[in-house]
Amino acid sequence: MISPGLSVTIASDTDLLLTRTFAASRRTVFAAFTRPELLRRWHGARGWNLVVCDVDLRPGGAWRFVSRGPGDAELGHGGLYVEVDTPGRLVQTEVYDGWDAGEALITTVFDEREGQTLMTATVRYPSREIRDSVLRTPMKRGAGEAYDRLDAVLHAMKGEPR
Amino acid sequence: MSTDLLDVTFAALADPTRRAILARLAQGEATVTELATPFAMSQPGVSKHLRVLEHAGLISRRRDAQRRPCRLEAAPLKDAMDWLAAYRDSWEESYQRLDALLGELQAGPDETS
């Protein structure tokens, strides 16, 4: 199968929309998104790997990931599962360490068609201002936020020392 | 790349009417009157959107006798698209690792039940 790749779009004032197709059943994809021993094998933007991966997969259960990246920088985030509807739908909150105001609600839907699974993830911030702050802050602080990964990637591509 | 400018760009792009205005301007310059017609919107309404787009640097307006035609400015739009593309590429690598893992899981014994 030729994968169309990840699509990222600004869906509204508060939402980022991510879509991706996988060549596997949604039961398998759902497992890869929710089982720590599987998550550790793939999860993380370029240069980042999970060093902590705790998942309590039930409504009200907590999840927590810590990733380690370039220069041993660590990035922690976590939240609570709101809905767990195996293997079709997962709703969870997400907040990055030290950024309480930036809590996002992530709704991930897995649709299976002819053996392939379409993932649709909607990341909703409480307001446009908070979304923009979350997007902006990490690059200003230089470390400790999700989008800092991107900053690291951009620096690495330019060959600049970190 | 200025992240503050990106914020302004993304905020400007978040509105469907403003995206439609940009799509129209991608075909060529237009005046406020010309832009208001297809959107069933008052000229002040359209002007408000145009001010947001102008502030974000996505359009410019020049004086041409009594007309003030608007034109699309591509550079901030390209920065925003580049940012999204870099974010996407960074995460796409993660999903490609997942592709490989899923291949293993599908081929091997059923570990997921």
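Residues numbered from 1 in each chain as written. Chains lettered and ligands numbered in written order. Predicted model: local features only at pLDDT ≥ 70, side-chain atom pairs only at ≥ 80, totals over all residues. Heavy atoms only, no water.

1. Quick word on the overall build of chain B
Along its length, chain B carries 5 helices and 2 strands. Considering only contacts in chain B between residues 6 or more positions apart, those separated by 24 or more positions represent 50%. Surface summary for chain B: the accessible area is close to 6000 Å², and the carbon and sulfur share equals 52%. (Helix = DSSP H or I, 4+ residues; strand = E, 2+ residues; numbered from the N terminus. Contact = heavy atoms within 4.5 Å. Areas by Shrake-Rupley, 256 points an atom, 1.4 Å probe, with all protein chains shown as cover.)

2. So, the overall build of chain A
What chain A contains, in helices and strands, is 4 helices and 8 strands. For chain A, the N- to C-terminal ordering of α and β elements is β-β-α-α-β-β-β-β-β-β-α-α. The buried share of chain A, taken over its 162 residues, is 51%. Nonlocal contacts in chain A, meaning residues at least 24 apart in sequence, comprise 37% of its contacts between residues at least 6 apart. (Buried < 20%, exposed > 50% of the residue type's maximum accessible area, 1.4 Å probe, protein only.)

3. A short note on the pattern of salt bridges
Two side chains with opposite charge may pair up if their charged atoms get near one another. With the rule as written, the count across this model stands at 11 salt bridges over all chains. Between A:Arg89 and A:Glu83 there is a salt bridge whose closest N-O contact spans 2.9 Å. Residue classification places A:Arg89 among the partly exposed residues on the basis of a relative accessible area of 30%. According to the relative accessible area criterion, A:Glu83 is partly exposed, its value standing at 34%. We note a salt bridge from B:Arg62 to B:Glu29, for which the minimum N-O separation is 2.8 Å. A residue pair is termed long-range when its members are at least 10 positions apart, and B:Arg62 in the loop between strand S1 (59-61) and strand S2 (70-72) and B:Glu29 in the loop between helix H2 (16-25) and helix H3 (32-36) qualify at 33 residues. With a relative accessible area of 38%, B:Arg62 lands in the partly exposed category. (Salt bridge = Lys/Arg side-chain N within 4 Å of Asp/Glu carboxyl O.)

4. Section: the packing of aromatic side chains
All names here are of chain A. Under the definition given, this model contains 7 aromatic pairs over all chains. Ring geometry for phenylalanine 30 versus phenylalanine 110: centroids 5.8 Å apart, planes at 75°, classification edge-to-face. Here phenylalanine 110 lies in strand S7 (residues 104-113) and phenylalanine 30 lies in helix H1 (residues 26-34), a separation of 80 residues in the sequence. Side by side, phenylalanine 30 and phenylalanine 110 carry an identical accessibility label, which is buried. (Phe/Tyr/Trp six-rings, centres within 6.5 Å; stacked < 30°, edge-to-face > 60°.)

5. With respect to helix H4 (residues 43-55) of chain B
Residue and element names in this part refer to chain B. In a regular helix each residue adds 1.5 Å, so 13 residues correspond to 18 Å; H4 covers 18 Å between its end C-alpha atoms and thus fits that length. Among all positions in H4, only Gly45, Val46, Ser47, His49, Leu50 and Leu53 are buried. Two residues or fewer after H4 comes glycine 57, characterised by a positive phi angle close to 75°. (Expected span 1.5 Å × (residues − 1).)

6. Quick look at the confidence of the model for chain A
Scored by pLDDT, chain A comes out at a mean of 79, with 78% of its residues at no less than 70. The element-level mean pLDDT for chain A is lowest in helix H4 (residues 148-158) of chain A, coming to 36, with S7(A) highest at 96. (pLDDT = per-residue confidence, 0-100.)

7. Brief notes about unusual backbone geometry
Residue and element names in this part refer to chain A. Along the chain, threonine 86 connects to proline 87 via a cis peptide bond; the corresponding omega equals 0°. Positionally, proline 87 belongs in the loop between strand S5 (74-85) and strand S6 (89-96). Even without being a glycine, aspartate 72 presents a positive backbone phi close to 60°. As for its placement among the helices and strands, aspartate 72 is situated in the loop between strand S4 (62-68) and S5. You can call aspartate 72 exposed: its relative accessible area is 60%.

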